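Structural characterization, general
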Amino acid sequence: MANVPDFQTKKVLIMASGNGSNFEAIIKHFKNKGLDVCVNFELLCDKKGANVLNRAKTLNIPAFCVEFDDFSSFLSEKKYDLYVLAGFMRILPDKILKILSTDGIQDNVINIHPSLLPKFRGKNAIKRAFEAGVKKTGVSIHFVNKKLDGGKIIYRHAISAKDVPYNKLESEIHALEHAIYPEIIENLLFKKNVLIFGGGAREHAIARKISVSPFLNKLYLAKPNDGFKNLGETIDFIDYNDLLKKSVAKKIDLLVIGPEAPLFDGLSDIFQNAGISVIGPNKDWAHLEESKIFAKEFMQKNGIKTGKYIPVSSIKGAKQAIETFKNLSVPVIKADGPALGKGVSLPETFLEAEKTAKAFLDGKFGDASKKILIEERLSGKEVSVMSLWDGDTLLSFPPALDYKRLLDVDKGPNTGGMGAVAPNFLNENEQNQIKKYLKTLEAALKNEHAEFTGIVYSGLILTPSGPAVLEYNMRFGDPECQALLELLDTDILFVFLMMAKKALKTIDLRLKRTRAYCLTLAAAGYPENPKKGAKISGFENAEKYGCKVYFAGVKASKTGNGAVETSKTPDNSLITNGGRVLSIVKSGKNALQDIYKAANAIHFDGKMFRKDIGKSFGSDK
Ligand code: GRF
């Protein structure tokens, strides 16, 4: 992102009446980044002699000391883009809030509070949390309403309070405030234009989250499906360079790439070279997903446990390789290249293994299976872990479970994913093993100087001797992403923006303490030959059961207008247009029952879904 944003000068009023350490941190942040040229700060204080006034003087910031009773007249005479409360120990009454609002919309007054709201509202929050003996406390930033420390939360960041002496806790909280508040202010002042690339349920889920972020200026979509295209403005394009040209014209700040194909094609590189931030690795690092052999080499080099394998490119070589597994289980046959999640075969017999290897090498997946891997078959529980990476820090979501097979009890062919659960069902020992694995992965990425911003998806299998990697994907998994975003309590756009600044280490990824589920409804004939064109109806019922619907293989019928995402009265204009038609998502109490109620209430010819999502059984691969 450019250093000095291309915006007109912003005016910010900081309201403070105390010590002013937050005030100082904010001013210094903007000065250090050279952003003070486009942001004018002023201070409003209602306490004569407050230390914050001295700080304003030293920092050369215009300050007004006004009796609180005179605030209304002061504030009605001046207009600011943002009102920042920083140790201003007063509740703003309705009358003042009305004066500050823009066209009745109250999203321009913010406050910082030293606790994890809604806990410990009001004065002496740090002390009260300490005295209550909480294990965790932290900092909250929120929009202001007339309630004491009420209003919608923008960001919360927890720190451990366990066995931390009071003075240390207090200084840690203040340090956190000083690091986070200026970032939030900067990003609220300079809201971003975001482009999301991709048209699956995963991108629908990402788009919906981003569409409600206070950090968003305008949302653009590249290749959305008709089920969510009205969340933003679609950019049509001929090729990636055309997309770039149009994105530059629309002043896109951030591109989020959902699927793998554009990553393999180097879309990330094209945008990054033009100075646009991207969530999604460059072509070199996308190769970790694109080539299973490359991934194996990365793992071997960095001490990451994975199944033994033999890479082959001829039928003779395949036979010989399969032969070496004769005293072990029948090996797995994998295409080296990408095959839409279908390039892994689990033959039952050695003969079947040979036949499969031949079919792969004969071009079942085109160029993707010109080279194949004959790989040791590992057994254990399957786990997928999505981690964010910014070139410096790896921050992981809780492990998820992906139901890859088409049919119940893990039968039938592999698919793109028939459902997901997050967090996965893991005991403490398994969780600790995964944590250890993630440390190894972080060290490996550091060791390899992996300079990219994106997602690393570890497909793991928990073997008796610890987690082994089955595969890497370099993007959010679909459907795991839909379940994980349901759990996420932190603004995803803020997280992405901090990643783009290589500041992921300052983020606390907060997740609801519950379990989220995602169920895929698929079309008849999926995965081989999905039937298209069936009318979809009843998806509005999902809302009745508190579920969210994210569309994937859908399009608007000729008579309808599609674009049902925000419509209260959908016109049933969507028809199926792909294998995985939609995802149904819910978390918390009765989530599974409600998801299945919704699944039964949604109709299209040939509708298929698994009935056992949410059940755990360790499958082998
Ligand atoms: C901070 O802890 C802030 O969270 C709360 O008041 C305190 C102000 O400290 N609202 P300072 O005046 O910025 O030093």
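Here goes a summary of the coordinates provided. What you are looking at is a predicted structure, and each value in this text was computed from that prediction instead of being measured. (Residues numbered from 1 in each chain as written. Predicted model: local features only at pLDDT ≥ 70, side-chain atom pairs only at ≥ 80, totals over all residues. Heavy atoms only, no water.)

1. Re the pattern of salt bridges
- Within the structure shown, the criterion is met by 36 salt bridges.
- Glutamate 233 is paired through a salt bridge with lysine 218; the nearest N and O atoms lie 2.4 Å apart. Note that glutamate 233 is positioned in strand S10 (residues 233–234) and lysine 218 in strand S9 (residues 216–222), a separation of 15 residues in sequence.
- A relative accessible area of 33% means that lysine 218 is categorised as partly exposed.
- In this structure, arginine 475 engages glutamate 260 in a salt bridge whose closest nitrogen and oxygen atoms are separated by 3.5 Å. With arginine 475 in the loop between strand S24 (466–473) and helix H16 (480–487) and glutamate 260 in the loop between strand S11 (254–257) and helix H9 (261–264), this pair connects stretches of sequence that are 215 residues apart. (Salt bridge = Lys/Arg side-chain N within 4 Å of Asp/Glu carboxyl O. Helix = DSSP H or I, 4+ residues; strand = E, 2+ residues; numbered from the N terminus. Buried < 20%, exposed > 50% of the residue type's maximum accessible area, 1.4 Å probe, protein only.)

2. Thoughts on the environment of lysine 535
- Here lysine 535 shows up in the loop between strand S25 (516–522) and helix H18 (541–544).
- Owing to a relative accessible area of 53%, lysine 535 belongs among the exposed residues under this scheme.
- Along the chain, lysine 535 and alanine 556 lie 21 residues apart, while their C-alpha atoms are 9.5 Å from each other.

3. What to know about the packing of aromatic side chains
- Counted by the stated rule, this structure contains 18 aromatic pairs.
- Measuring from ring centre to ring centre gives 6.0 Å for phenylalanine 298 and tyrosine 472, while their planes differ by 80°; the resulting arrangement is edge-to-face. With phenylalanine 298 in helix H12 (residues 292–301) and tyrosine 472 in strand S24, this residue pair connects regions lying 174 residues apart in the sequence.
- When its relative accessible area of 4% is taken as the criterion, phenylalanine 298 is described as buried.
- On the basis of relative accessibility, which here comes to 2%, the residue tyrosine 472 falls in the buried class.
- With 5.9 Å between their ring centres and 40° between their planes, tyrosine 596 and phenylalanine 609 make a pair best called tilted. Separated by 13 residues along the polypeptide, tyrosine 596 in helix H19 (residues 591–601) and phenylalanine 609 in the segment after H19 bring together distant segments of the chain.
- Aromatic ring contacts, followed pair by pair, group Trp285, Phe298, Phe452 and Tyr472 into a single cluster.
- Over the ring of tyrosine 80 we find lysine 11; its NZ or CZ atom is 5.2 Å from the centre of that ring. (Phe/Tyr/Trp six-rings, centres within 6.5 Å; stacked < 30°, edge-to-face > 60°. Lys NZ or Arg CZ within 6 Å of the ring centre and 35° of its normal.)

4. Description of the side chain of glutamate 177
- By the element assignment, glutamate 177 lies in helix H6 (residues 166–189).
- The buried charged residue glutamate 177 lacks any salt bridge, with arginine 55 as its nearest oppositely charged partner at 11 Å.
- Beyond its immediate chain neighbours, meaning those up to four positions away, glutamate 177 contacts Asn22, Ile112, His113, Pro114, Val139 and Pro182. (Lys, Arg positive; Asp, Glu negative; His and termini not counted. Contact = heavy atoms within 4.5 Å.)

5. Digging into the sheet that holds strand S1 (residues 10–15)
- Taken together, seven strands build an open sheet; the order of strands is S3-S2-S1-S4-S5-S6-S7 and the sheet is mixed. Only two strands of the sheet have a single partner each, and these edge strands are strand S3 (63–65) and strand S7 (153–160). Within the sheet, the average angular offset between the axes of one strand and its neighbour, ignoring direction, is 20°.
- On the sheet, helix H1 (residues 21–32) packs against S1, strand S2 (39–45), strand S4 (82–85) and strand S5 (109–113) and is oriented at approximately 170° with respect to S2. (Pairing = 2+ DSSP bridges. Axes fitted to C-alpha atoms, helices over the stretch in contact; angles between N-to-C directions.)

6. Here we look at the pairing of strand S16 (residues 372–375)
- Burial along S16 is two-sided: the face carrying Ile372 and Ile374 and the face carrying Leu373 and Glu375 are both buried.
- By the bridge criterion, four bridges tie strand S13 (residues 309–312) to S16 in an arrangement that is antiparallel. Each residue of the ladder has a partner; that of tyrosine 309, found in S16, is glutamate 375.

Read these as layout, nothing more, since geometry by itself doesn't imply function.
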